[in-house]
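# Commentary on secondary and tertiary structure
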Amino acid sequence: MSFDNEFTFCMHSSGLPTPTEALDSAEGVLDFLEKFHHAAEAAGGMEVTLVALEAAGFSGLGTIAAEAAAVTAAAYAGAVTGCLIGATGASIFDLLSQTDHSPAVKQDVLVAANDAGVSVPEDFAVA
């Protein structure tokens, strides 16, 4: 299964909207997470709901089903990152070592990897 198919399947399986951006690569998902974190912080923090985030002007979520409306930004970021780990495994750390992403995104990846039992390189640093 391709990255985008696996990622989309994972998001839909959890009942959450797949980001509207064309996320056909792990790097695209990391870039989306960067934008998502910035938008959530500007809207009041990671505890805002997806509906509140959308009302604040973030349009990257597509159609939010009623059952996902009350999901917090933190929970959504966790689900996106969990699906990213599911689609990439430990290879995500190779990409993170070659790109410049915020500590918030790196922390999301670290938590998702630990939750999934994916081995984290010893030299991986969040800060």
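The following paragraphs examine the structure supplied in this document. (Residues numbered from 1 in each chain as written. Predicted model: local features only at pLDDT ≥ 70, side-chain atom pairs only at ≥ 80, totals over all residues. Heavy atoms only, no water.)

## A short note on the overall build of the chain
As a reminder of what qualifies: For the purposes of this entry, the term helix denotes a DSSP run of H or I that reaches at least four residues, the term strand denotes a run of E that reaches at least two, and both are numbered from the N terminus. Note on method: radius of gyration uses C-alpha positions; expected globular size equals 2.2 Å times residues raised to 0.38.
The helix and strand tally for the chain stands at six helices and zero strands. Each helix (α) and strand (β) of the chain, taken in turn from the N terminus, gives the series α-α-α-α-α-α. In terms of overall size, the chain behaves like a compact globule, its C-alpha atoms giving a radius of gyration of 14 Å where 127 residues would be expected to give roughly 14 Å. If you line up the chain on its principal axes, its C-alpha atoms span 40 × 35 × 25 Å.

## Considering the packing of helix H2 (residues 26-42) against helix H6 (residues 103-116)
Definition in use: Under this scheme, a helix contributes an axis fitted over its contacting stretch, all axes are lines through C-alpha atoms, and angles between N-to-C directions fall in the 0 to 180 degree range. For classification, angles of less than 35 degrees are called roughly parallel, those exceeding 145 degrees roughly antiparallel, those between 65 and 115 degrees roughly perpendicular, and all remaining angles oblique. Helix crossings are classified by the rotation of the near helix relative to the far one: an anticlockwise turn of less than a right angle makes the crossing left-handed, while a clockwise turn makes it right-handed. In this analysis, two residues are considered to be in contact whenever any of their non-hydrogen atoms come within 4.5 Å of each other. Gly is put with the polar residues, along with every residue not named as nonpolar or charged; the nonpolar set is Ala, Val, Leu, Ile, Met, Phe, Trp, Tyr, Cys and Pro, and the charged set is Asp, Glu, Lys and Arg.
One way to put it is that H2 packs onto H6 with a least axis distance of 9 Å and a crossing angle of 120°. Classified by the angle between their axes, H2 and H6 sit oblique to one another. Considering only the axes of H2 and H6, their crossing is right-handed. From H2, Leu30, Leu33, Glu34 and His37 reach across to H6, where they touch Ala104, Val105, Asp108 and Val109. Partitioned by chemical class, the residues of the contact of H2 with H6 number five nonpolar, one polar and two charged.

## Notes on H6
What counts, and what does not: Every helix has an expected span of 1.5 Å times one less than the residues it contains. A 1.4 Å probe rolled over the protein chains alone gives each residue an accessible area, and that area as a share of the maximum for its type sets the label: buried under 20%, exposed over 50%, partly exposed in between.
Compared with an ideal rise of 1.5 Å per residue, which puts 14 residues at 20 Å, H6 spans 20 Å between its outermost C-alpha atoms and is within 8% of the ideal. Along H6, the positions that sit buried rather than exposed are Val105, Lys106, Asp108, Val109, Leu110, Ala112 and Ala113. Here the buried face of H6 lies against H2, helix H4 (73-88) and helix H5 (92-98). Looking one or two residues past H6, Gly117 carries a phi angle of roughly 75°, positive in sign.

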